[in-house]
Amino acid sequence: SSTSSASTPSPAQTASAATGASNQLTLVDLARLVGKVKANNGRPHTLWCNPVAYRNILNAYWIAGVEPEYVTVNAPDCNGGTTQRPCLAFQGIPVYIDEFYPNNETVGSGSDGSSIYAMVLGRGGVYGIVPQNFGRRMIRVKEVLVSAACQTTFRVYWPVGLVLEKEDALARIQFRPAAN
């Protein structure tokens, strides 16, 4: 199980997906997650998850017989600007993937669980405390050339401390994935 910290929602802000033989995350589960956020008039700015959870969100759409929803977001580029990209969404809320987020949480009797977080970003929600010498340029993008490959990788750095100003600005749903 996860340990308690300032970035972990309280039990009141944590939901569990429906359990059963399928362990399938549903669109109803995602709606319950979004419903737990009360800050920003009950409207999270983002859903945050790992790649396993992302695939389970896509499966929830497909199993419901609904085309996955996408929104256009501005993403940082290596030149300090932004570019527009399509992004999976739920109820208009973009879903962002964090490949460094674990997918081995203990949920029920299994240790293959994942979480999806709904977050309000900015004052009144989750925001970063930036080192003083960074000024207004909080996110750093670096271009990394991969040896022996014809591809470019971008690394995005966000060296900040996180603050959760209001508890109801962050909610989590835990589930055991049906799709890895």
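Definitions and limits used
- Residues numbered from 1 in each chain as written.
- Predicted model: local features only at pLDDT ≥ 70, side-chain atom pairs only at ≥ 80, totals over all residues.
- Heavy atoms only, no water.
- Helix = DSSP H or I, 4+ residues; strand = E, 2+ residues; numbered from the N terminus.
- Buried < 20%, exposed > 50% of the residue type's maximum accessible area, 1.4 Å probe, protein only.
- Areas by Shrake-Rupley, 256 points an atom, 1.4 Å probe, with all protein chains shown as cover.
- pLDDT = per-residue confidence, 0-100.
- Contact = heavy atoms within 4.5 Å.
- Salt bridge = Lys/Arg side-chain N within 4 Å of Asp/Glu carboxyl O.
- Core = buried A, V, L, I, M, F, W, Y, C linked by side-chain atoms within 4.5 Å.

A. Spatial organisation of the overall build of the protein chain. Of the regular secondary structure elements, the protein chain holds three helices and 12 strands. Per-residue burial over the protein chain gives 37% buried out of 180 residues. Here the protein chain displays about 10,500 Å² of accessible surface, and carbon together with sulfur accounts for 52% of that area.

B. Quick peek at the confidence of the model for the protein chain. Per-residue confidence for the protein chain averages 81 on the pLDDT scale, and 79% of its residues sit at or above 70. The least confident element of the protein chain, judged by mean pLDDT, is strand 1 (residues 14-16) at 65; the most confident is strand 2 (residues 46-49) at 96. The low-confidence segment residues 1-6 (pLDDT under 50) makes five contacts with residues lying over four places distant or belonging to another chain.

C. Quick peek at the pattern of salt bridges. Per the stated rule, a full pass over the model turns up two salt bridges. Arginine 32 serves as the salt-bridge partner of aspartate 29, at 3.1 Å between the closest nitrogen and oxygen. Here aspartate 29 pairs with arginine 32, and both are found in helix 1 (residues 27-36), just three residues apart, close to one helical turn. Glutamate 165 serves as the salt-bridge partner of arginine 123, at 2.9 Å between the closest nitrogen and oxygen. Of the two residues, arginine 123 is situated in the loop between strand 7 (110-119) and strand 8 (126-129) and glutamate 165 in the loop between strand 11 (161-164) and strand 12 (170-175); the sequence distance between them amounts to 42 residues. A relative accessible area of 65% means that arginine 123 is categorised as exposed.

D. Inspection of the nonpolar core at higher detail. Formed by 24 residues in total, the largest nonpolar core has its most connected members in Leu47, Ile57 and Ile116. At the level of elements, helix 1, strand 2, helix 3 (51-63), strand 4 (82-90), strand 5 (93-97), strand 7 and strand 12 are the ones that each hand at least two residues to this core. In terms of residue count, the dominant contributor to this core is helix 3 (five residues). Among residues more than four places away in sequence, those in contact with isoleucine 116 are Leu25, Leu30, Leu33, Leu47, Trp48, Cys49, Ala53, Ile57, Ala171, Arg172, Ile173 and Phe175. Counting five residues, the second-largest nonpolar core is a separate cluster that includes Tyr117, Met119, Val126 and Leu170.

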